[in-house]
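The lines below spell out each chain.
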Amino acid sequence: MKPVTFNVWRGDADGGAFATYETEISEGMVVLDAVHRIQAESAPDLAVRWNCKAGKCGSCSAEVNGAPRLMCMTRMDDMPDGEPVRVEPMKSFPLIRDLVTDVSWNFEVKKKIRPFKPRPPDADDGTWRMSQDDVDRVQEFRKCIECYLCQDVCHVLREHQLHDGFIGPRFFVHAAALEMHPLDTEDRVEELAATQGIGYCNITKCCTAVCPEHITITDNAIIPLKERVVDDLYDPIRRLFRVFRRKRT
Amino acid sequence: MPEYRTYPYDVLVVGAGGAGLRAAIEASSSGARVGLVCKSLLGKAHTVMAEGGVAASLGTVNADDNWEVHFADTMRGGQYLSSWRMAELHAREAPDRVRELEAWGAVFDRTGDGRILQRNFGGHRYPRLAHVGDRTGLEMIRTLQDHGVHQGIDVHMECTVVSILKDDGRVAGAFGFDRQRGRFMLFEARAIVLATGGIGRAYRVTSNSWEYTGDGHALAYEAGADLMDMEFVQFHPTGMVWPPSVAGILVTEGVRGEGGVLRNSEGRRFMFDDIPEAYRNQTADNEPEGWEYTQGSRTARRPPELLTRDHVARCIVREIKEGRGSPHGGVFLDIAWIKEKLPNAAEHIRRKLPSMYHQFKELAGIDITTTPMEVGPTTHYVMGGVWVDPESQMTTVPGLFAAGECATGLHGANRLGGNSLSDLLVFGKRAGEFAVRFAGENGSASIDPGDVEAVAAHSLAPFDARDGDDAHGAGDAENAGDAENAGDAENPYRIQSDLQSTMQERVGIVRTETDMLQALDDIEALKRRAHRVRVDGNREYNSGWHTALDLDNLLVVSEAVARAAVARKESRGGHFREDYPDKDAALGQLNIVVRKGPDGAMQVERRPIAEMPDRLKQVIEEQR
Ligand SMILES: Cc1cc2nc3c(=O)[nH]c(=O)nc-3n(C[C@H](O)[C@H](O)[C@H](O)COP(=O)(O)OP(=O)(O)OC[C@H]3O[C@@H](n4cnc5c(N)ncnc54)[C@H](O)[C@@H]3O)c2cc1C
Ligand code: SF4
Ligand code: SF4
Ligand code: FES
């Protein structure tokens, strides 16, 4: 056990400040444990979101010493010794209170992305055949736990606040999962360019760097989508070819 | 009058895990107005954490599998206390429900010929769990969520329902508040589906999150519905035991399904030492055969590590108690050893069990491809819950339905792994379907403003309690002036923690009459303390307040578990009594039911199980 100082953001939409707490840290503790200990000992009304404590639900997103992190997967023994730990809410979304932000915008964005539309079943019993190799590719995207850390770090949202015309890396991953789904027949390319702002992404790869699920957001999702946009919107012959090819697979 | 907003629905679904989402999808597909309420953000419910898979006899890996085998496995696992009709419907309908997920975009792992791959799990005769690595729950909840949001379901995230309101015996609506701002909400509904999940937070060591405070159980109980089989709590044999802050977090049974073995400090595979009679024919008696089974051999029998969870958990407790445990008070679970058998073992483990690899690496600093894990039992699942009609999922309260973990009937004395995710789909769909039907056949009911006022006052009581006051004054006039209620203001976290200790120590894996009677006394004392709970701050995102309100529910379910466990004087499935270590044939013919009596006290009833029809008896005979 050793005492560690925490500077935790306390406040709401009208403003706030860092408050300083000290708590005992034992072996194996993560930042979320420390926040809970502070809550139990000295700040019972400290607001924090969490569920699984195992990096599976994507609830406990925050910024720890300035880095977007899942608090439940950030070990205290990785923090620099003897220095205070700074914990604050994500910046791309409006603050509700303390460490909790209003992420409802993300849920609205998802509704606007065209849903999955499968090709007719392959077999008489209404089922499909897919090879493991084909599903591996989309499974990478489907690992997303919707923690929105990538949305938090992306400058288009964080600095430029272009929430109205840019869906953010999380939803490029979502669109990629649908576009590359072996059974899907829907076309989302036009909207990606026209209303969902894929052009704003200048491939800084900050999103990939923070993804706790290690999804290669930029290389595997965004760049292939950008290529589709170029192919489909500027090269009609390749567009035809792609639709044809996709129908056959 | 308290201030609140009103939301009118045909069907209100409380809970957005697999069961609630599936119910809401079904209900809204007929065009009904459907509201869906959940305590967390959408997609964060417990279902997201499920790892191993969803059980359905698709027969893609072994064509011998069919609904009859799945039915017989479920009944055997539940020690014949399950509702045979629910077990039948579940086994028959699960394959369609899983295939439907694929049509909605789910991407399961594949067999060589491109169909859905199925894996082995404890108590299932054939490889039966459709899965996606070890993140099946995420795949399932995301598929349902993404499908559901395009159906016009009205979702209220981060809202808590605190009471079911009735009109002349039937459901009229529900009252709750939004957690972000603390504002009250009144839901008018002709039918309500409870899909609130489990009760794990009643225990200290648990794989469950803060959400699992038995809300649906308590809401139904307070509304007059029956709870059944509450003595049956599943302690999963493998939870993390170290570091202390993650104790209880689940280690999927999939590890054992992929060939992981349990060893004690002497390196012995102790599971071979105690194989119950009922499973002897189906269990390997040597290590090579067990290994072959995990690799898909059709002739080999399963290794004893894959016996039912209750049994494996007790064997682990025995090893620890007798001094053969691991350094941090568990036993060893070793998957790294398969490198003796497979060329690319490390790669194979990372691919088959990615999130387990991740979890140990990041939380315990252990590489499971080289080092054995330390594991011990953790409170995982409650088989008991709200009694429902097998076909419709309606409770004894007209218009009140329940599905998923908060309902009971399918799992009897012990749930098989993978049977919960399928339960959510099969009975979530049924609950949605029958709730809509009920809403169509019954007009709207009216809500008594007096009821609303009383619940609102009760909810706010923790804010205005003063030292020595009765925090729940408005709702509990009979307690006013009770000398025992006098005392200092109480901290809700402390009461929750004391309750967890009581349940963990006295109504845990190994139970005795003396301990449980003591627990019931403790619970009474905790109830009195809960009346004096006091919270600071305002109503916005105030965890202290939320914890205070959850306490009422935790106390109801804890008492229900303890009372039912006292009444069942035998050992069966998840319920093990040191003072009655054997099964009692007579008790095997009945379920224990609890309900709120007219005097407000909890009543216990022993209810005989309806006789199984001959056609199902025959199925069980054939599968023996
Ligand atoms: C770590 C882990 C791994 C598991 N692995 C498997 C597996 O491999 N296979 C399997 O079959 N099962 C597994 N299970 C069990 C299974 O996941 C759960 O039993 C199942 O997901 C429960 O689903 P549900 O829909 O009933 O409830 P949940 O998914 O828990 O959802 C409950 C919902 O109710 C809401 N709620 C609760 N109270 C209220 C209230 N008062 N007001 C409003 N909303 C409320 C919650 O916010 C939540 O949205 C696992 C469980 C855990 C914990
Ligand atoms: S790569 Fe694109 S989406 Fe990702 S952070 Fe940079 S700009 Fe944003
Ligand atoms: S893509 Fe990664 S960082 Fe973004 S929401 Fe999903 S899991 Fe989080
Ligand atoms: S609590 Fe679920 S990801 Fe941190």
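In this text the structure is predicted, and so the values were computed from the model without any measurement.

A. The overall build of chain B, seen in detail. A tally of helices and strands in chain B yields 16 helices and 18 strands. In summary, chain B has a C-alpha radius of gyration of 24 Å against a globular reference of 25 Å for 624 residues, a match within 12%. In terms of overall dimensions, chain B has a C-alpha envelope of 70 × 55 × 50 Å along the principal axes. Within chain B, the proportion of its 624 residues that are buried is 68%. Look at the contacts in chain B between residues 6 or more apart in sequence, and 72% of them connect residues 24 or more apart. With the model as given, the accessible surface of chain B reaches about 20,400 Å², and the carbon-plus-sulfur share is 46%. If you average the places of the 71 positive and of the 92 negative side-chain charges in chain B, the two averages end up 4 Å apart.

B. Main features of the domain arrangement of chain B. Assigned domains within chain B: domain 1 (236-378) and domain 2 (456-567). Measuring from the centre of the C-alpha atoms in domain 1 of chain B to the corresponding centre in domain 2 of chain B gives 38 Å.

C. Inspection of the sheet that holds strand 18 (residues 602-608) of chain B at higher detail. Residues and elements named next belong to chain B. What the 4 strands build is an open sheet, ordered 15-10-17-18; its pairing is antiparallel. Each having just a single partner strand, strand 15 (385-386) and strand 18 make up the two edges of the open sheet. Both strand 17 (residues 590-596) and strand 18 contribute to a ladder of 7 bridges, which runs antiparallel. If you follow Val593 over to strand 18, its bridge partner there is Glu605.

D. Helix 2 (residues 67-77) of chain B, seen in detail. Residues and elements named next belong to chain B. Counting buried residues in helix 2 gives 10 out of 11 residues, a clear majority hidden from the surface. All buried positions along helix 2 are accounted for by Trp67, Val69, His70, Phe71, Ala72, Asp73, Thr74, Met75, Arg76 and Gly77. Contacts from the buried residues of helix 2 go to strand 3 (54-55), helix 3 (84-103), helix 11 (419-441) and helix 16 (614-622). Immediately beyond the C-terminal end of helix 2, within one or two residues, lies Gln79, with a positive phi of roughly 55 degrees.

E. The site of ligand 3, seen in detail. Residues in contact with ligand 3, as listed here, are Cys144(A), Ile145(A), Glu146(A), Cys147(A), Tyr148(A), Cys150(A), Arg170(A), Cys211(A), Pro212(A) and Ile217(A). Among the residues forming the shell around ligand 3, the class breakdown is 8 nonpolar, no polar and 2 charged.

F. Layout of the pairing of strand 7 (residues 159-167) of chain B. Residues and elements named next belong to chain B. With 8 bridges connecting them, strand 7 and strand 8 (residues 170-178) associate as antiparallel partners. Within strand 8, the residue paired with Ser163 across the bridge is Phe175. Between strand 7 and strand 8, which pair antiparallel one after the other, the connecting turn spans 2 residues, and Asp168 there sits at a positive phi close to 50 degrees.

G. Focus on the interface of chain B and chain A. At the interface, 61 residues of chain B touch 56 residues of chain A. Across the chain B to chain A interface the summed buried area is about 4,800 Å²; carbon plus sulfur atoms make up 54%. Put simply, Arg142(B) and Glu146(A) hold a salt bridge, and the shortest N to O gap is 3.7 Å. The interface formed by chain B and chain A includes 34 residue pairs in polar contact (both at pLDDT 80 or more). Of all the secondary-structure elements, those providing two or more residues to the side of chain B that touches chain A are helix 3, helix 4 (136-148), helix 10 (354-364) and helix 15 (543-567) of chain B. No other element matches the 7 residues that helix 10 of chain B contributes to the side of chain B that touches chain A. In the side of chain B that touches chain A, the residues fall into 23 nonpolar, 19 polar and 19 charged.

H. Structural context of unusual backbone geometry. In this chain, Trp242(B) is followed by Pro243(B) through a cis amide linkage whose omega measures -5 degrees. The phi angle at Tyr148(A) is positive, at roughly 65 degrees, despite the residue not being glycine. Secondary-structure assignment places Tyr148(A) in the loop between helix 3 (132-142) and helix 4 (149-153). One non-glycine residue, Gln79(B), adopts positive backbone phi at about 55 degrees.

I. Quick peek at the site of ligand 1. All names here are of chain B. If you check the shell around ligand 1, you find 40 residues, and the closest are Thr47, Glu211, Tyr212, Asp215 and Glu405. In this structure, an oxygen atom belonging to ligand 1 sits 3.2 Å away from a main-chain N or O atom of Gly18. Here an oxygen atom of ligand 1 and a side-chain polar atom of Glu211 are 2.3 Å apart. For ligand 1, whose accessible area on its own is 1,000 Å², the fraction buried by protein is 98%. Where the shell around ligand 1 is concerned, the elements lending two or more residues are helix 1 (18-29), strand 7, strand 14 (373-382) and helix 11. Looking at the shell around ligand 1 element by element, the count peaks at 4 residues for helix 11. Of the residues that constitute the shell around ligand 1, the class distribution is 16 nonpolar, 18 polar and 6 charged.

J. Representation of the sheet that holds strand 4 (residues 118-119) of chain B. All names here are of chain B. Within the open sheet, the 3 strands sit side by side as 3-5-4. Their pairing is antiparallel. Lying at the two open borders of the sheet, with one neighbouring strand each, are strand 3 and strand 4. Direction of pairing for strand 3 relative to strand 5 (residues 129-130): antiparallel, over a ladder of 2 bridges. Bridging across to strand 5, Val54 finds its partner in Ala130.

K. Quick peek at the nonpolar core. Counting 261 residues, the largest nonpolar core has Phe6(A), Met71(A), Val11(B), Phe71(B), Ile192(B) and Leu194(B) as its most contacted members. Not counting the four nearest positions on each side in its chain, Met71(A) is found in contact with Val30(A), Val31(A), Leu32(A), Val35(A), Val48(A), Cys60(A), Ala62(A), Val64(A), Val87(A) and Leu99(A). Formed by 5 residues, the second largest nonpolar core is a distinct cluster that contains Leu81(B), Phe232(B), Met383(B) and Ala413(B).

L. The arrangement of the packing of aromatic side chains in detail. Considering all chains together, one arrives at 15 aromatic pairs over all chains under this definition. A ring pair is formed by Phe93(A) and Trp105(A), whose centres lie 6.4 Å apart and whose planes are at 40 degrees; its orientation type is tilted. With Phe93(A) in the loop between strand 5 (85-88) and strand 6 (95-97) and Trp105(A) in helix 2 (residues 104-111), this pair connects stretches of sequence that are 12 residues apart. Phe93(A) gets classed as buried once you look at its relative accessible area, which sits at 5%. Of the residues examined, Trp105(A) reaches a relative accessible area of 18% and is grouped as buried. For the ring pair Tyr203(B) and Phe235(B), a centre distance of 5.6 Å and an interplane angle of 85 degrees mean the geometry is edge-to-face. Separated by 32 residues along the polypeptide, Tyr203(B) in the loop between strand 9 (184-194) and helix 5 (215-222) and Phe235(B) in strand 11 (residues 233-240) bring together distant segments of the chain. There is no split in this pair, since Tyr203(B) and Phe235(B) are both buried. In textbook terms, an aromatic cluster arises when at least three aromatic residues are bridged by ring pairs, as seen for Phe93(A), Trp105(A), Phe107(A) and Tyr148(A). Its end group placed over the ring of Tyr381(B), Arg415(B) keeps NZ or CZ at 4.1 Å from the ring centre. Sitting over the face of the ring of Trp387(B), Arg607(B) holds its NZ or CZ atom 6.0 Å from the ring centroid.

M. Layout of the packing of helix 12 (residues 449-464) of chain B against helix 15 of chain B. Residue and element names in this part refer to chain B. Interaxial distance between helix 12 and helix 15 falls to 10 Å at its minimum, and their mutual angle equals 125 degrees. With respect to helix 15, the axis of helix 12 lies oblique. You can see that helix 12 and helix 15 cross each other, and the crossing is right-handed. Contacts between helix 12 and helix 15 pair His458, Ser459, Leu460, Pro462 and Phe463 from the former with Trp545, Ala548, Leu549 and Asp552 from the latter.

How each quantity is defined
Residues numbered from 1 in each chain as written. Chains lettered and ligands numbered in written order. Predicted model: local features only at pLDDT ≥ 70, side-chain atom pairs only at ≥ 80, totals over all residues. Heavy atoms only, no water. Helix = DSSP H or I, 4+ residues; strand = E, 2+ residues; numbered from the N terminus. Rg over C-alpha atoms; globule rule 2.2 N^0.38 Å. Buried < 20%, exposed > 50% of the residue type's maximum accessible area, 1.4 Å probe, protein only. Contact = heavy atoms within 4.5 Å. Areas by Shrake-Rupley, 256 points an atom, 1.4 Å probe, with all protein chains shown as cover. Lys, Arg positive; Asp, Glu negative; His and termini not counted. Charge placed at Lys NZ, Arg CZ, Asp CG, Glu CD. Domains from an automatic or database assignment. Pairing = 2+ DSSP bridges. Near = heavy atom within 4 Å. Nonpolar A, V, L, I, M, F, W, Y, C, P; charged D, E, K, R; others polar. Buried area = accessible area lost by both parts, 1.4 Å probe. Salt bridge = Lys/Arg side-chain N within 4 Å of Asp/Glu carboxyl O. Polar contact = N/O pair within 3.5 Å; in protein donor to acceptor, adjacent residues only side chain to side chain. Core = buried A, V, L, I, M, F, W, Y, C linked by side-chain atoms within 4.5 Å. Phe/Tyr/Trp six-rings, centres within 6.5 Å; stacked < 30°, edge-to-face > 60°. Lys NZ or Arg CZ within 6 Å of the ring centre and 35° of its normal. Axes fitted to C-alpha atoms, helices over the stretch in contact; angles between N-to-C directions. Parallel < 35°, antiparallel > 145°, perpendicular 65-115°, else oblique. Left-handed = near helix turned anticlockwise from the far one by under 90°.

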